[in-house]
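# An overview of the molecular structure
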Protein chains: 2
Amino acid sequence: MARLSAEERRRLLVDAAIRVMTRDGVAQATTRAIVSEADMSLGAFHYCFRSKEELLENVIVAITERTALPAQEILEGPGDVEEKLRASLMSYWQHVLDHPAEHQLTYELTQYATRTPGLADLARTQYRNYLKTNTRLMEALRANADVAWTVPTETLVRYLTAVIDGLTLLFLNERDAEAATAAIDLAARQLLNLLAQPA
Amino acid sequence: MARLSAEERRRLLVDAAIRVMTRDGVAQATTRAIVSEADMSLGAFHYCFRSKEELLENVIVAITERTALPAQEILEGPGDVEEKLRASLMSYWQHVLDHPAEHQLTYELTQYATRTPGLADLARTQYRNYLKTNTRLMEALRANADVAWTVPTETLVRYLTAVIDGLTLLFLNERDAEAATAAIDLAARQLLNLLAQPA
DNA sequence: GTCTATAGGAAGATAGAC
DNA sequence: GTCTATCTTCCTATAGAC
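Residue numbers run consecutively from 1 along every chain, following the written order of its sequence. Chains and ligands are labelled by the order in which they are written, letters from A for the one and numbers from 1 for the other. Under the rules for a predicted model, residues below a pLDDT of 70 receive no local features and side-chain atom pairs below 80 are neither given nor counted, while totals for whole chains, interfaces and linings still include all residues. The side-chain quantities take in all heavy atoms of the structure and omit both hydrogens and water.

## Here's the deal with unusual backbone geometry
Here is the rule: Helix and strand assignments follow DSSP, with helices taken as H or I runs no shorter than four residues and strands as E runs no shorter than two, numbered in order from the N terminus. The rule is simple: take the accessible area with a 1.4 Å probe, protein chains only, and divide by the maximum for that residue type; under 20% is buried, over 50% is exposed, in between is partly exposed.
Within the chain, arginine 175 of chain A stands out as a residue other than glycine whose phi angle is a positive 55°. Tracing the backbone through its elements, the reader meets arginine 175 of chain A in the loop between α8 (153–174) and α9 (177–192). Arginine 175 of chain A sits in the partly exposed class, given a relative accessible area of 38%. In the Ramachandran plot, aspartate 39 of chain B falls in the positive-phi region, its phi being about 60° despite a non-glycine side chain. Checked against the element boundaries, aspartate 39 of chain B lands in the loop between α2 (31–38) and α3 (42–48).

Given below as C-alpha coordinates:
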(Lines give C-alpha, C1' and ligand atoms only; values in the text may rest on other atoms or scores of the structure.)
Protein backbone atom coordinates (compact mmCIF):
# COMPACT_ATOMS: atom_id res chain seq x y z
CA MET A 1 0.00 0.00 0.00
CA ALA A 2 0.96 3.62 -0.48
CA ARG A 3 3.13 5.13 2.21
CA LEU A 4 1.28 8.09 3.54
CA SER A 5 2.30 10.45 6.30
CA ALA A 6 0.52 10.05 9.59
CA GLU A 7 -0.93 13.52 9.15
CA GLU A 8 -2.39 12.67 5.76
CA ARG A 9 -3.88 9.47 7.15
CA ARG A 10 -5.40 11.35 10.04
CA ARG A 11 -7.15 13.64 7.59
CA LEU A 12 -8.41 10.70 5.55
CA LEU A 13 -9.70 8.93 8.64
CA VAL A 14 -11.54 12.00 9.90
CA ASP A 15 -13.21 12.41 6.50
CA ALA A 16 -14.10 8.72 6.38
CA ALA A 17 -15.52 8.90 9.90
CA ILE A 18 -17.73 11.84 8.91
CA ARG A 19 -19.01 9.94 5.89
CA VAL A 20 -19.84 6.85 7.95
CA MET A 21 -21.50 8.89 10.69
CA THR A 22 -23.51 10.95 8.23
CA ARG A 23 -24.73 7.80 6.54
CA ASP A 24 -25.24 5.40 9.46
CA GLY A 25 -25.07 7.42 12.67
CA VAL A 26 -22.44 7.95 15.33
CA ALA A 27 -23.09 4.64 17.07
CA GLN A 28 -22.37 2.70 13.89
CA ALA A 29 -19.08 4.47 13.31
CA THR A 30 -16.85 1.78 14.80
CA THR A 31 -13.12 1.84 14.18
CA ARG A 32 -13.61 -1.10 11.83
CA ALA A 33 -16.32 0.67 9.83
CA ILE A 34 -14.17 3.81 9.59
CA VAL A 35 -10.97 2.13 8.42
CA SER A 36 -13.01 0.11 5.95
CA GLU A 37 -14.52 3.35 4.57
CA ALA A 38 -11.02 4.86 4.35
CA ASP A 39 -9.71 1.65 2.80
CA MET A 40 -7.08 1.19 5.48
CA SER A 41 -6.14 -1.57 7.86
CA LEU A 42 -7.32 -1.62 11.46
CA GLY A 43 -3.72 -1.28 12.60
CA ALA A 44 -3.38 2.01 10.74
CA PHE A 45 -6.07 3.52 12.95
CA HIS A 46 -4.16 3.19 16.19
CA TYR A 47 -1.00 4.24 14.50
CA CYS A 48 -2.61 7.58 13.69
CA PHE A 49 -4.79 8.08 16.76
CA ARG A 50 -4.08 7.05 20.31
CA SER A 51 -7.76 6.15 20.79
CA LYS A 52 -11.15 6.42 19.19
CA GLU A 53 -11.88 9.36 21.45
CA GLU A 54 -8.96 11.25 19.93
CA LEU A 55 -10.45 10.72 16.47
CA LEU A 56 -13.85 11.91 17.61
CA GLU A 57 -12.34 15.05 19.03
CA ASN A 58 -10.95 15.80 15.58
CA VAL A 59 -14.25 14.95 13.92
CA ILE A 60 -16.15 17.39 16.11
CA VAL A 61 -13.72 20.21 15.48
CA ALA A 62 -13.83 19.56 11.72
CA ILE A 63 -17.63 19.52 11.60
CA THR A 64 -17.95 22.69 13.65
CA GLU A 65 -15.58 24.51 11.30
CA ARG A 66 -17.53 23.39 8.27
CA THR A 67 -20.75 24.70 9.76
CA ALA A 68 -19.30 28.01 10.88
CA LEU A 69 -17.59 28.97 7.62
CA PRO A 70 -20.65 29.46 5.37
CA ALA A 71 -22.40 31.42 8.10
CA GLN A 72 -19.58 33.96 8.13
CA GLU A 73 -19.50 34.34 4.36
CA ILE A 74 -23.21 35.12 4.15
CA LEU A 75 -22.65 38.25 6.11
CA GLU A 76 -20.42 40.00 3.58
CA GLY A 77 -22.59 41.30 0.83
CA PRO A 78 -24.69 44.19 -0.37
CA GLY A 79 -28.26 44.98 0.53
CA ASP A 80 -30.05 46.69 3.36
CA VAL A 81 -30.28 45.17 6.81
CA GLU A 82 -33.63 43.50 6.28
CA GLU A 83 -32.56 41.86 3.06
CA LYS A 84 -29.32 40.66 4.58
CA LEU A 85 -30.95 39.19 7.63
CA ARG A 86 -33.49 37.35 5.54
CA ALA A 87 -30.85 36.25 3.04
CA SER A 88 -28.63 34.92 5.83
CA LEU A 89 -31.43 32.90 7.37
CA MET A 90 -32.58 31.58 4.02
CA SER A 91 -29.08 30.64 2.93
CA TYR A 92 -28.66 28.62 6.12
CA TRP A 93 -32.10 27.15 5.67
CA GLN A 94 -31.40 26.06 2.11
CA HIS A 95 -28.35 24.22 3.40
CA VAL A 96 -30.52 22.39 5.91
CA LEU A 97 -33.00 21.41 3.20
CA ASP A 98 -30.22 20.24 0.88
CA HIS A 99 -28.04 18.46 3.45
CA PRO A 100 -30.24 17.29 6.33
CA ALA A 101 -27.92 14.41 7.21
CA GLU A 102 -25.05 16.81 7.93
CA HIS A 103 -27.14 18.77 10.37
CA GLN A 104 -28.50 15.62 11.95
CA LEU A 105 -24.89 14.64 12.54
CA THR A 106 -23.97 17.83 14.36
CA TYR A 107 -26.77 17.21 16.87
CA GLU A 108 -25.66 13.63 17.32
CA LEU A 109 -22.08 14.67 17.90
CA THR A 110 -23.09 17.28 20.46
CA GLN A 111 -24.93 14.61 22.42
CA TYR A 112 -22.13 12.12 22.05
CA ALA A 113 -19.64 14.67 23.32
CA THR A 114 -21.91 15.63 26.22
CA ARG A 115 -22.07 12.02 27.35
CA THR A 116 -18.35 11.31 26.91
CA PRO A 117 -16.42 12.51 29.96
CA GLY A 118 -13.29 13.48 28.04
CA LEU A 119 -15.27 15.36 25.39
CA ALA A 120 -17.91 17.14 27.46
CA ASP A 121 -16.05 20.44 27.16
CA LEU A 122 -16.23 20.22 23.38
CA ALA A 123 -20.02 20.24 23.44
CA ARG A 124 -20.03 23.46 25.44
CA THR A 125 -17.41 24.98 23.15
CA GLN A 126 -19.45 24.02 20.10
CA TYR A 127 -22.44 25.98 21.40
CA ARG A 128 -20.31 28.89 22.54
CA ASN A 129 -19.05 29.09 18.97
CA TYR A 130 -22.56 29.14 17.55
CA LEU A 131 -23.43 31.98 19.89
CA LYS A 132 -20.24 33.84 19.02
CA THR A 133 -20.85 33.49 15.29
CA ASN A 134 -24.41 34.72 15.61
CA THR A 135 -23.29 37.59 17.82
CA ARG A 136 -20.81 38.73 15.18
CA LEU A 137 -23.58 38.45 12.59
CA MET A 138 -26.00 40.59 14.58
CA GLU A 139 -23.38 43.16 15.48
CA ALA A 140 -22.14 43.44 11.94
CA LEU A 141 -25.68 43.95 10.73
CA ARG A 142 -26.17 46.69 13.22
CA ALA A 143 -22.87 48.37 12.42
CA ASN A 144 -23.29 48.21 8.64
CA ALA A 145 -26.87 49.32 8.54
CA ASP A 146 -26.78 51.80 11.36
CA VAL A 147 -29.87 50.38 13.02
CA ALA A 148 -30.49 49.34 16.57
CA TRP A 149 -32.04 46.28 18.19
CA THR A 150 -34.72 46.83 20.75
CA VAL A 151 -33.44 44.04 22.98
CA PRO A 152 -29.98 43.32 24.45
CA THR A 153 -27.64 41.65 21.99
CA GLU A 154 -27.08 38.63 24.26
CA THR A 155 -30.80 37.97 24.43
CA LEU A 156 -31.34 38.55 20.74
CA VAL A 157 -28.53 36.17 19.86
CA ARG A 158 -29.87 33.41 22.08
CA TYR A 159 -33.33 33.86 20.68
CA LEU A 160 -31.96 33.70 17.13
CA THR A 161 -29.80 30.67 17.88
CA ALA A 162 -32.70 28.86 19.50
CA VAL A 163 -35.12 29.57 16.65
CA ILE A 164 -32.61 28.32 14.09
CA ASP A 165 -31.82 25.22 16.10
CA GLY A 166 -35.44 24.47 16.87
CA LEU A 167 -36.61 24.80 13.30
CA THR A 168 -33.75 22.65 12.07
CA LEU A 169 -34.61 19.97 14.58
CA LEU A 170 -38.30 20.19 13.69
CA PHE A 171 -37.54 19.72 10.01
CA LEU A 172 -35.16 16.83 10.67
CA ASN A 173 -37.86 15.02 12.59
CA GLU A 174 -40.96 16.01 10.65
CA ARG A 175 -39.39 16.28 7.17
CA ASP A 176 -42.09 18.64 6.00
CA ALA A 177 -40.10 21.25 4.08
CA GLU A 178 -43.10 23.39 3.24
CA ALA A 179 -44.40 23.63 6.79
CA ALA A 180 -40.95 24.29 8.25
CA THR A 181 -40.17 26.94 5.63
CA ALA A 182 -43.39 28.77 6.46
CA ALA A 183 -42.32 28.76 10.09
CA ILE A 184 -38.86 30.12 9.33
CA ASP A 185 -40.45 32.86 7.24
CA LEU A 186 -42.46 33.78 10.28
CA ALA A 187 -39.32 33.67 12.41
CA ALA A 188 -37.56 36.06 10.03
CA ARG A 189 -40.48 38.50 10.20
CA GLN A 190 -40.49 38.25 13.97
CA LEU A 191 -36.78 39.04 14.10
CA LEU A 192 -37.21 42.09 11.93
CA ASN A 193 -39.83 43.33 14.38
CA LEU A 194 -37.00 43.63 16.88
CA LEU A 195 -35.29 46.30 14.82
CA ALA A 196 -35.88 49.79 16.11
CA GLN A 197 -38.31 51.45 13.77
CA PRO A 198 -36.57 54.22 11.86
CA ALA A 199 -38.07 57.51 13.01
CA MET B 1 -37.05 -13.82 45.04
CA ALA B 2 -40.52 -12.39 44.91
CA ARG B 3 -42.77 -13.76 42.19
CA LEU B 4 -43.90 -10.84 40.15
CA SER B 5 -46.13 -10.87 37.11
CA ALA B 6 -44.43 -10.26 33.81
CA GLU B 7 -46.43 -7.07 33.40
CA GLU B 8 -45.23 -5.71 36.74
CA ARG B 9 -41.66 -6.57 35.86
CA ARG B 10 -41.97 -4.85 32.53
CA ARG B 11 -43.06 -1.69 34.31
CA LEU B 12 -40.16 -1.93 36.75
CA LEU B 13 -37.67 -2.49 33.94
CA VAL B 14 -38.93 0.47 31.95
CA ASP B 15 -38.63 2.70 35.02
CA ALA B 16 -35.16 1.39 35.75
CA ALA B 17 -34.12 1.96 32.14
CA ILE B 18 -35.30 5.56 32.32
CA ARG B 19 -33.31 6.11 35.50
CA VAL B 20 -30.14 4.67 34.00
CA MET B 21 -30.55 6.61 30.76
CA THR B 22 -31.26 9.85 32.59
CA ARG B 23 -28.17 9.39 34.72
CA ASP B 24 -25.67 7.91 32.26
CA GLY B 25 -27.08 8.31 28.75
CA VAL B 26 -28.77 5.97 26.31
CA ALA B 27 -25.55 4.32 25.17
CA GLN B 28 -24.71 3.25 28.73
CA ALA B 29 -28.13 1.71 29.29
CA THR B 30 -27.12 -1.89 28.56
CA THR B 31 -29.39 -4.74 29.56
CA ARG B 32 -26.97 -5.50 32.39
CA ALA B 33 -27.05 -1.93 33.72
CA ILE B 34 -30.85 -1.90 33.55
CA VAL B 35 -31.48 -5.19 35.33
CA SER B 36 -28.90 -4.20 37.94
CA GLU B 37 -30.76 -0.92 38.52
CA ALA B 38 -34.03 -2.85 38.78
CA ASP B 39 -32.37 -5.41 41.04
CA MET B 40 -33.26 -8.31 38.78
CA SER B 41 -31.36 -11.07 37.10
CA LEU B 42 -30.26 -10.83 33.51
CA GLY B 43 -32.52 -13.75 32.64
CA ALA B 44 -35.57 -11.83 33.83
CA PHE B 45 -35.00 -9.27 31.12
CA HIS B 46 -35.51 -11.62 28.21
CA TYR B 47 -38.40 -13.26 29.97
CA CYS B 48 -40.22 -9.91 29.97
CA PHE B 49 -39.06 -8.47 26.65
CA ARG B 50 -38.29 -10.28 23.45
CA SER B 51 -35.38 -7.95 22.80
CA LYS B 52 -33.76 -4.76 23.96
CA GLU B 53 -35.48 -2.94 21.12
CA GLU B 54 -38.85 -3.94 22.54
CA LEU B 55 -37.89 -2.38 25.87
CA LEU B 56 -36.75 0.81 24.19
CA GLU B 57 -40.03 1.08 22.37
CA ASN B 58 -41.78 1.03 25.74
CA VAL B 59 -39.33 3.53 27.19
CA ILE B 60 -39.97 6.02 24.41
CA VAL B 61 -43.74 5.74 24.75
CA ALA B 62 -43.51 6.18 28.53
CA ILE B 63 -41.28 9.25 28.27
CA THR B 64 -43.45 10.88 25.65
CA GLU B 65 -46.53 10.45 27.83
CA ARG B 66 -44.79 11.96 30.82
CA THR B 67 -43.82 15.01 28.80
CA ALA B 68 -47.23 15.48 27.24
CA LEU B 69 -49.32 15.25 30.43
CA PRO B 70 -48.14 18.39 32.26
CA ALA B 71 -48.44 20.40 29.05
CA GLN B 72 -52.11 19.55 28.83
CA GLU B 73 -52.84 20.39 32.45
CA ILE B 74 -51.33 23.83 32.16
CA LEU B 75 -53.99 24.74 29.71
CA GLU B 76 -56.93 24.39 32.07
CA GLY B 77 -56.95 27.38 34.33
CA PRO B 78 -58.20 30.89 34.81
CA GLY B 79 -56.72 34.06 33.41
CA ASP B 80 -56.81 35.93 30.16
CA VAL B 81 -55.12 34.69 27.05
CA GLU B 82 -51.88 36.56 27.56
CA GLU B 83 -51.49 35.34 31.11
CA LYS B 84 -52.23 31.78 30.15
CA LEU B 85 -49.80 31.74 27.29
CA ARG B 86 -47.04 33.16 29.45
CA ALA B 87 -47.93 30.84 32.32
CA SER B 88 -47.86 27.81 30.05
CA LEU B 89 -44.47 28.66 28.66
CA MET B 90 -43.05 29.47 32.06
CA SER B 91 -44.41 26.29 33.63
CA TYR B 92 -42.73 24.26 30.93
CA TRP B 93 -39.58 26.30 31.30
CA GLN B 94 -39.45 25.79 35.04
CA HIS B 95 -39.61 22.06 34.41
CA VAL B 96 -36.63 22.31 32.09
CA LEU B 97 -34.66 24.26 34.68
CA ASP B 98 -35.56 21.78 37.42
CA HIS B 99 -35.12 18.56 35.45
CA PRO B 100 -32.63 19.16 32.66
CA ALA B 101 -31.57 15.52 32.54
CA GLU B 102 -35.10 14.40 31.65
CA HIS B 103 -35.23 16.74 28.70
CA GLN B 104 -31.75 15.78 27.62
CA LEU B 105 -33.00 12.21 27.56
CA THR B 106 -35.94 12.92 25.30
CA TYR B 107 -33.59 14.37 22.68
CA GLU B 108 -31.29 11.38 23.00
CA LEU B 109 -34.16 8.97 22.58
CA THR B 110 -35.44 10.78 19.52
CA GLN B 111 -32.02 10.39 17.93
CA TYR B 112 -31.69 6.80 19.00
CA ALA B 113 -35.08 5.99 17.52
CA THR B 114 -34.26 7.83 14.30
CA ARG B 115 -31.14 5.71 13.83
CA THR B 116 -32.78 2.40 14.75
CA PRO B 117 -34.61 0.96 11.72
CA GLY B 118 -37.37 -0.69 13.74
CA LEU B 119 -37.99 2.46 15.81
CA ALA B 120 -37.70 5.18 13.19
CA ASP B 121 -41.46 5.61 13.06
CA LEU B 122 -41.54 6.34 16.77
CA ALA B 123 -39.36 9.40 16.34
CA ARG B 124 -41.76 10.83 13.80
CA THR B 125 -44.73 9.99 16.01
CA GLN B 126 -43.06 11.68 18.97
CA TYR B 127 -42.77 14.94 17.05
CA ARG B 128 -46.24 14.66 15.61
CA ASN B 129 -47.50 14.40 19.18
CA TYR B 130 -45.62 17.52 20.23
CA LEU B 131 -47.19 19.39 17.34
CA LYS B 132 -50.62 18.01 18.15
CA THR B 133 -50.36 18.98 21.81
CA ASN B 134 -49.25 22.49 20.93
CA THR B 135 -51.99 22.76 18.35
CA ARG B 136 -54.60 21.90 20.96
CA LEU B 137 -53.01 24.45 23.26
CA MET B 138 -53.17 27.24 20.71
CA GLU B 139 -56.67 26.39 19.59
CA ALA B 140 -57.96 26.19 23.12
CA LEU B 141 -56.43 29.55 23.87
CA ARG B 142 -58.12 31.03 20.87
CA ALA B 143 -61.49 29.44 21.68
CA ASN B 144 -61.47 30.36 25.36
CA ALA B 145 -60.29 33.89 24.92
CA ASP B 146 -62.09 34.69 21.71
CA VAL B 147 -59.00 36.10 20.09
CA ALA B 148 -57.44 35.42 16.74
CA TRP B 149 -53.91 34.65 15.59
CA THR B 150 -52.54 36.68 12.74
CA VAL B 151 -50.81 33.66 11.17
CA PRO B 152 -52.09 30.21 10.18
CA THR B 153 -52.33 27.82 13.12
CA GLU B 154 -49.99 25.26 11.50
CA THR B 155 -47.28 27.87 11.10
CA LEU B 156 -47.80 29.31 14.55
CA VAL B 157 -47.58 25.87 16.11
CA ARG B 158 -44.36 25.00 14.32
CA TYR B 159 -42.84 28.30 15.29
CA LEU B 160 -43.85 27.75 18.91
CA THR B 161 -42.60 24.18 18.94
CA ALA B 162 -39.29 25.21 17.41
CA VAL B 163 -38.72 28.08 19.84
CA ILE B 164 -39.42 25.83 22.81
CA ASP B 165 -37.18 23.08 21.49
CA GLY B 166 -34.40 25.44 20.53
CA LEU B 167 -34.31 27.23 23.86
CA THR B 168 -34.37 23.94 25.72
CA LEU B 169 -31.46 22.67 23.66
CA LEU B 170 -29.58 25.92 24.16
CA PHE B 171 -29.99 25.72 27.91
CA LEU B 172 -28.99 22.07 28.02
CA ASN B 173 -25.77 22.89 26.20
CA GLU B 174 -24.94 26.29 27.63
CA ARG B 175 -26.38 25.82 31.14
CA ASP B 176 -26.84 29.53 31.61
CA ALA B 177 -30.30 29.74 33.19
CA GLU B 178 -30.35 33.51 33.34
CA ALA B 179 -29.46 34.05 29.69
CA ALA B 180 -31.86 31.38 28.47
CA THR B 181 -34.71 32.70 30.61
CA ALA B 182 -34.24 36.18 29.18
CA ALA B 183 -34.49 34.63 25.73
CA ILE B 184 -37.69 32.75 26.56
CA ASP B 185 -39.18 35.94 27.95
CA LEU B 186 -38.47 37.53 24.62
CA ALA B 187 -40.01 34.52 22.86
CA ALA B 188 -43.19 34.90 24.91
CA ARG B 189 -43.46 38.59 24.04
CA GLN B 190 -42.90 37.77 20.39
CA LEU B 191 -45.68 35.18 20.46
CA LEU B 192 -48.10 37.64 22.00
CA ASN B 193 -47.37 40.01 19.14
CA LEU B 194 -49.00 37.42 16.90
CA LEU B 195 -52.35 37.90 18.57
CA ALA B 196 -54.71 40.12 16.63
CA GLN B 197 -54.87 43.45 18.40
CA PRO B 198 -58.33 43.88 19.94
CA ALA B 199 -60.08 46.69 18.12
C1' DG C 1 -41.55 -18.08 37.40
C1' DT C 2 -36.61 -17.32 38.61
C1' DC C 3 -31.90 -17.70 38.23
C1' DT C 4 -26.92 -19.03 36.85
C1' DA C 5 -24.04 -20.22 33.32
C1' DT C 6 -22.73 -19.69 28.85
C1' DA C 7 -23.05 -19.21 23.92
C1' DG C 8 -21.78 -16.27 20.14
C1' DG C 9 -20.31 -12.14 18.40
C1' DA C 10 -18.48 -7.42 18.07
C1' DA C 11 -16.13 -3.78 20.17
C1' DG C 12 -11.43 -1.10 21.20
C1' DA C 13 -6.80 -1.81 21.52
C1' DT C 14 -2.11 -4.16 20.96
C1' DA C 15 1.92 -7.25 19.43
C1' DG C 16 4.85 -8.33 16.33
C1' DA C 17 5.94 -10.10 11.51
C1' DC C 18 7.13 -7.89 7.22
C1' DG D 1 5.37 2.54 7.77
C1' DT D 2 1.97 -1.27 7.06
C1' DC D 3 -0.74 -5.11 8.09
C1' DT D 4 -2.55 -9.53 10.15
C1' DA D 5 -3.53 -12.00 14.07
C1' DT D 6 -4.90 -11.80 18.58
C1' DC D 7 -6.10 -10.12 23.46
C1' DT D 8 -9.52 -8.56 26.48
C1' DT D 9 -13.77 -6.94 27.45
C1' DC D 10 -18.43 -6.17 26.99
C1' DC D 11 -22.62 -6.85 24.62
C1' DT D 12 -27.39 -9.36 23.54
C1' DA D 13 -29.55 -13.47 23.85
C1' DT D 14 -30.41 -18.35 25.17
C1' DA D 15 -30.32 -22.93 27.60
C1' DG D 16 -31.49 -25.35 31.17
C1' DA D 17 -31.24 -26.33 36.31
C1' DC D 18 -34.18 -25.28 40.23
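Having seen it, we continue.
## What to know about the pattern of salt bridges
Formally: Whenever Lys or Arg places a side-chain nitrogen within 4 Å of a carboxyl oxygen from Asp or Glu, that contact is recorded as a salt bridge.
Per the stated rule, a full pass over the model turns up 22 salt bridges over all chains. Arginine 19 of chain B serves as the salt-bridge partner of glutamate 37 of chain B, at 2.7 Å between the closest nitrogen and oxygen. With glutamate 37 of chain B in helix α2 and arginine 19 of chain B in helix α1 (residues 6–24), this residue pair connects regions lying 18 residues apart in the sequence. Among the residues examined, glutamate 37 of chain B registers a relative accessible area of 25% and is labelled partly exposed. Counted as one network, the salt bridges with shared partners bring together Glu8, Arg11, Asp15 and Arg66 of chain A.

## Re helix α5 (residues 81–98) of chain B
Residue and element names in this part refer to chain B. What counts, and what does not: Working rule for helices: expected span equals 1.5 Å times residues minus one. Here the arc refers to the directions that run from the helix axis out to each C-beta atom. Under this definition, polar contacts are N or O atom pairs within 3.5 Å; protein pairs additionally need one hydrogen-donor-capable and one acceptor-capable atom, and for neighbouring residues in sequence, both atoms have to be side-chain atoms.
Along its 18 residues, α5 runs 26 Å from first to last C-alpha, staying within 8% of the 26 Å computed at 1.5 Å per residue. When α5 is considered as a whole, its buried residues turn out to be Val81, Lys84, Leu85, Ser88, Leu89, Trp93 and Val96. For α5, the angular spread of the buried residues around the axis is 165°, confining them to a single face. Between the side-chain oxygen of the N-cap and the backbone nitrogen of glutamate 82 there are 3.2 Å, and the N-cap of α5 in question is aspartate 80.

## Some words on the packing of aromatic side chains
All names here are of chain A. Put simply, the rule is: Aromatic rings from Phe, Tyr and Trp, taking only the six-membered ring of Trp, are treated as a pair when their centres fall within 6.5 Å; an angle between ring planes under 30 degrees marks them as stacked, one over 60 as edge-to-face, and anything in between as tilted.
By the definition in use, this model includes six aromatic pairs over all chains. With 6.0 Å between their ring centres and 65° between their planes, tryptophan 93 and phenylalanine 171 make a pair best called edge-to-face. Taken together, the residues tryptophan 93 in helix α5 (residues 81–98) and phenylalanine 171 in helix α8 connect sequence positions 78 residues apart. Overall, tryptophan 93 belongs to the buried group, its relative accessible area being 2%. Judged by its relative accessible area of 7%, phenylalanine 171 is buried.

## Concerning the domain arrangement of chain A
Residues and elements named next belong to chain A. To be explicit about the condition: As annotated, the domain borders come from an automatic or database domain assignment. Contacts between residues were defined by any pair of non-hydrogen atoms, one from each residue, lying within 4.5 Å. In short, buried area is how much 1.4 Å probe accessible area vanishes from two parts on joining, totalled over both. Only Asp, Glu, Lys and Arg are considered charged in this grouping, and only Ala, Val, Leu, Ile, Met, Phe, Trp, Tyr, Cys and Pro are considered nonpolar; every other residue, Gly among them, is considered polar.
One can read the domain layout of chain A as domain 1 (1–49) and domain 2 (61–196). One C-alpha centre belongs to domain 1, the other to domain 2, and the line joining them spans 30 Å. Contacts between the two partners involve seven residues from domain 1, matched on the other side by nine residues from domain 2. Buried surface at the junction of domain 1 and domain 2, summed over both partners, amounts to about 620 Å²; 76% is from carbon and sulfur atoms. On the domain 1 side of the contact with domain 2, Ile18, Thr22 and Val26 bury the most area, a combined 73% of that side's loss. Across the domain 1-domain 2 interface, the total number found is one salt bridge. Arginine 66 is the salt-bridge partner of aspartate 15, the closest N and O atoms lying 3.4 Å from each other. Split into classes, the residues belonging to the side of domain 1 that touches domain 2 amount to four nonpolar, two polar and one charged.

## Observations concerning the interface of chain B and chain A
In many reports, interface size means the accessible area that the parts give up when they come together. Contact with chain B, which involves 40 residues of that partner, is made by 40 residues of chain A. Summed over both sides, the interface between chain B and chain A buries roughly 3,500 Å², with carbon and sulfur atoms accounting for 59% of that surface. Summed over the three residues of chain B that lose the most area to chain A, namely Gln111, Arg115 and Asn173 of chain B, the buried surface amounts to 20% of that side. Of the charged contacts in the structure, one is a salt bridge between glutamate 174 of chain B and arginine 158 of chain A, with a shortest N-O distance of 2.5 Å. Applying the counting rule to chain B against chain A returns eleven residue pairs in polar contact (both at pLDDT 80 or more). Here the element with the most residues in the side of chain B that touches chain A is helix α8 (residues 153–174) of chain B; it accounts for 13 residues. Residue composition of the side of chain B that touches chain A, by class: 20 nonpolar, ten polar and ten charged.

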